[in-house]
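# Structural characterization, general
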Amino acid sequence: MTATAAQAFLPFVKPNIDADAIAEVGKVLASGWITSGPKMHAFEAALSELFGGRHVRTFANGSATMEIALRVANIGPGDEVITTPITWVATANVVITVGARPVFVDIDPRTRNINLDAVEAAITPRTRAIMPVYLSGLPVDMDRLYAIARKHDLRVIEDAAQAIDSRWRGQRIGAFGDLVSFSFQANKNITSVEGGCLVMNSPEEAERAERLRLQGVIRTGMDGMDVEEPGGKFNLTDVNAAIGLSQLAHLDSITARRAELAETYFRCAADSGLAELGIELPLPRDGDLATTNWHMFQVVLPAERIEGGRNAVMEAMRERGVGTGVHYPALHLFSYYRSLGWREGMLPHAERIGRGIVTLPMFPAMQAADVERVCATLSETCKRLFK
Ligand SMILES: *Cc1c(COP(=O)(O)O)cnc(C)c1O
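Here's what I pulled together on the structure shown here. Remember, predicted model here, so these are calculated numbers, not experimental data.

Counted residue by residue, helix H4 (residues 62-72) has 9 buried out of 11 residues, so it is predominantly covered. Of the positions making up H4, those classed as buried are Gly62, Ala64, Thr65, Met66, Glu67, Ile68, Ala69, Leu70 and Val72. The opening residue of H4, the one whose side-chain oxygen lies 3.1 Å from the backbone nitrogen of serine 63, is asparagine 61. The first or second residue beyond H4 is asparagine 74, which carries a positive phi of 60°.

The following block contains the structure:
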């Protein structure tokens, strides 16, 4: 590695938009049809094929996708949706948007995903849905999740925003299940810059989702138009769809590259003695059933043992040219959710992990030497700052 390369700033994420994607965008812009049209339909067809022929509709972003999923499931005022506090805040905000109440339960500190025992304990007569999140791409125990849903007659809205190409028992997330929502936001494993898709079982629900994404408009013939139920403006443009389609073609190599980098991380973490310093590594996999797409590689720092807390570690890493992120602080402690009655001490595992979690650089263009540099920098920084 050259001296310049060694000193170049390493961000924690970087999209891999190649010449093909750029050329496809140019073609759409020159075509005379630039908003939702043939490319959006082609992207939906390709996604449907990926998910075993299930019904797929695309949306402007992953948040809109989840909002539509809630509406399709008829979830609204008076209803409760059980979810995790360790997620992007959109997961809970969309529940609020449709007028329902998010009920947060604690996480399993090993997987950092929602604890399914806690889900079962939180079910009330008002519970209508479970909204699990597959943090960094690691699925929950899908057999157990759907057993709970069946037993209590609940819908499952999977926030699979981070989980494209993750698997359960070898089957892709999205290839089975109830309502499964993905995001193609810029940081996700494949991106359309902004975008999302919902995978569904029922053709009626797919049609309703399609109407809700464009004002609820129903067209008949050349001139007929009606609205039975008002919708929003949530359609994905052909410009975005062209990028998504181009990225989707590389899904296998993206997932494989991320798995290689994760293996390198585990090797370098051992060489740098990260576990001995009290830094928690992610689960390599949850048993033999769940495989992650390595959307992120996240460690948990012992925040209470660090001079200056997690922020001090992140700043020191940045000064040494390594970008890091926080995904996520426990969202039940945000001011709005506190105003609904949520407090410290209610979800102790989520609160501890929300204080200590750090996302390390992970994107396909990284090299093994970058991973070595991240682990060495983290180890040296922690040795210096830990009390
Ligand atoms: C990215 C993400 C979303 C939202 O997706 P957008 O496309 O940014 O609206 C929701 N939940 C999780 C867990 C995410 O990572």
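Inspection of the secondary structure puts threonine 255 in helix H10 (residues 251-271). Residue classification places threonine 255 among the buried positions, given a relative accessible area of 14%. Residues contacting threonine 255, with those up to four places away along its chain left out, are Asp165 and Asn293.

Right, let's talk about empty space enclosed by the protein for a bit. A full pass over the atoms with the stated rule returns 3 cavities of 30 Å³ or more. Volume-wise, the largest cavity comes out at about 100 Å³. Its residues assigned to classes, the lining of the largest cavity comprises 7 nonpolar, 4 polar and 2 charged. For the lining of the largest cavity, the domains that each give at least three residues are domain 1 (19-248) and domain 2 (251-385). Reported here for the second largest cavity is a volume of approximately 60 Å³. Lining the second largest cavity are 13 residues, and of these Lys14, Pro15, Asn16, Lys188 and Arg258 sit closest to its centre. Two domains each put at least three residues into the lining of the second largest cavity: domain 1 (19-248) and domain 2 (251-385).

Let's shift gears to unusual backbone geometry. The peptide bond linking histidine 327 to tyrosine 328 adopts the cis configuration, its omega dihedral lying at 20°. Tracing the chain through its elements places tyrosine 328 in the loop between helix H11 (309-319) and helix H12 (335-339). For aspartate 165, which is not a glycine, the phi torsion comes out positive at approximately 75°. As for its placement among the helices and strands, aspartate 165 is situated in the loop between strand E5 (155-159) and strand E6 (167-168). Under the relative-accessibility criterion, aspartate 165 is labelled buried at 5%. One non-glycine residue with positive phi stands out, namely arginine 169, at about 50°. Relative to the helices and strands, arginine 169 is located in the loop between E6 and strand E7 (171-172). On the basis of relative accessibility, which here comes to 52%, the residue arginine 169 falls in the exposed class.

Bringing the site of the ligand into the picture now. Taken together, 16 residues form the shell around the ligand, and within it Gly62, Ser63, Asp159, Ser183 and Lys188 come nearest. Tyrosine 328 has a polar side-chain atom sitting 3.4 Å from an oxygen atom of the ligand. Burial of the ligand by the protein chains amounts to 93% of its free accessible area of 380 Å². Counting atoms within 2 Å of the grid points, the majority share of the ligand lands in the largest pocket. Of all the elements, H4 adds the most residues to the shell around the ligand, at 3 residues. Of the residues contributing to the shell around the ligand, the split by class is 5 nonpolar, 9 polar and 2 charged.

Procedures and definitions
- Residues numbered from 1 in each chain as written.
- Predicted model: local features only at pLDDT ≥ 70, side-chain atom pairs only at ≥ 80, totals over all residues.
- Heavy atoms only, no water.
- Buried < 20%, exposed > 50% of the residue type's maximum accessible area, 1.4 Å probe, protein only.
- Helix = DSSP H or I, 4+ residues; strand = E, 2+ residues; numbered from the N terminus.
- Polar contact = N/O pair within 3.5 Å; in protein donor to acceptor, adjacent residues only side chain to side chain.
- Contact = heavy atoms within 4.5 Å.
- 1 Å grid on protein atoms, 1.4 Å probe; cavity = no way out; pocket = protein on both sides within 12 Å on 5 of 7 lines; lining within 4 Å.
- Points joined across faces, edges and corners; volume = space filled by probe spheres on them.
- Nonpolar A, V, L, I, M, F, W, Y, C, P; charged D, E, K, R; others polar.
- Domains from an automatic or database assignment.
- Near = heavy atom within 4 Å.
- Areas by Shrake-Rupley, 256 points an atom, 1.4 Å probe, with all protein chains shown as cover.
- Sits in = over half its atoms within 2 Å of the grid points.

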